[in-house]
Each structure stands twice: as C-alpha cells, then as structure tokens.
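Summary of structural features
Each chain, written out:
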Amino acid sequence: MTKFYNVVTRKTISKENSDKHIYHKVGVVKVTENGGWFLQLYHQPDTDYMIFANHNENLPVIDFGAHEVE
C-alpha cells in the first residue's frame, strides 16, 4: 500500500512565557509498494524528486539519449 507523509515548515512565534509553533504543509513524501520514495513540493508543481538511501555507492546515471540538453 502506498503511504504519504506530509512535508511541513515550522515557524516559531515567541511570547513572554511560551512559544507557539505554526506548521505550513509544503508538500508530500510518497512511499510506493515497490520501495520508491518521491518528494513533491507544492511550490514546484509537476516535479517529482526521488529519494535514495545514503550509501557509499554512486547514484544511478540517467541516460537521456537524444533528449539531453546541452
């Protein structure tokens, strides 16, 4: 089952005796059944970011072929 996690920013408003936190939802992280992690930010629509585990191995190389921008 695909899972979704909220991505938020937090603003802290300091008052005399306490702090108030305000959270703004700025996107979602989607975790697919196949183990893929994707980040979608609302201020950049139609753009999915892929999230990889931090390993000492090199990240995969994407071959754009004839569509590569020079």
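Above this text sits the structure in question.
For the structure given in this document, a descriptive report is provided here.

When its secondary structure is counted, the protein shows zero helices and four strands. In the protein, the succession of α and β elements from N to C terminus is β-β-β-β. The buried share of the protein, reckoned over its 70 residues, is 10%. Pairs at least 24 residues apart make up 19% of the contacts formed inside the protein by residues separated by at least 6 positions. As displayed, the protein offers around 6,800 Å² of accessible surface, 51% of which is attributable to carbon and sulfur atoms.

The next point concerns the packing of aromatic side chains. For the coordinates displayed, the defined rule picks out one aromatic pair. Ring geometry for Tyr5 and Trp37: centres 6.5 Å apart, planes at 5°, overall stacked. A residue pair is termed long-range when its members are at least 10 positions apart, and Tyr5 in strand E1 (residues 3-14) and Trp37 in strand E3 (residues 37-41) qualify at 32 residues. According to the relative accessible area criterion, Tyr5 is partly exposed, its value standing at 41%. Since its relative accessible area comes to 40%, Trp37 is described here as partly exposed.

Across 12 bridges, the pairing between E1 and strand E2 (residues 19-31) is antiparallel. Looking at the pairing, Lys3 lines up with Val31 of E2.

About the thresholds
- Residues numbered from 1 in each chain as written.
- Predicted model: local features only at pLDDT ≥ 70, side-chain atom pairs only at ≥ 80, totals over all residues.
- Heavy atoms only, no water.
- Helix = DSSP H or I, 4+ residues; strand = E, 2+ residues; numbered from the N terminus.
- Buried < 20%, exposed > 50% of the residue type's maximum accessible area, 1.4 Å probe, protein only.
- Contact = heavy atoms within 4.5 Å.
- Areas by Shrake-Rupley, 256 points an atom, 1.4 Å probe, with all protein chains shown as cover.
- Phe/Tyr/Trp six-rings, centres within 6.5 Å; stacked < 30°, edge-to-face > 60°.
- Pairing = 2+ DSSP bridges.

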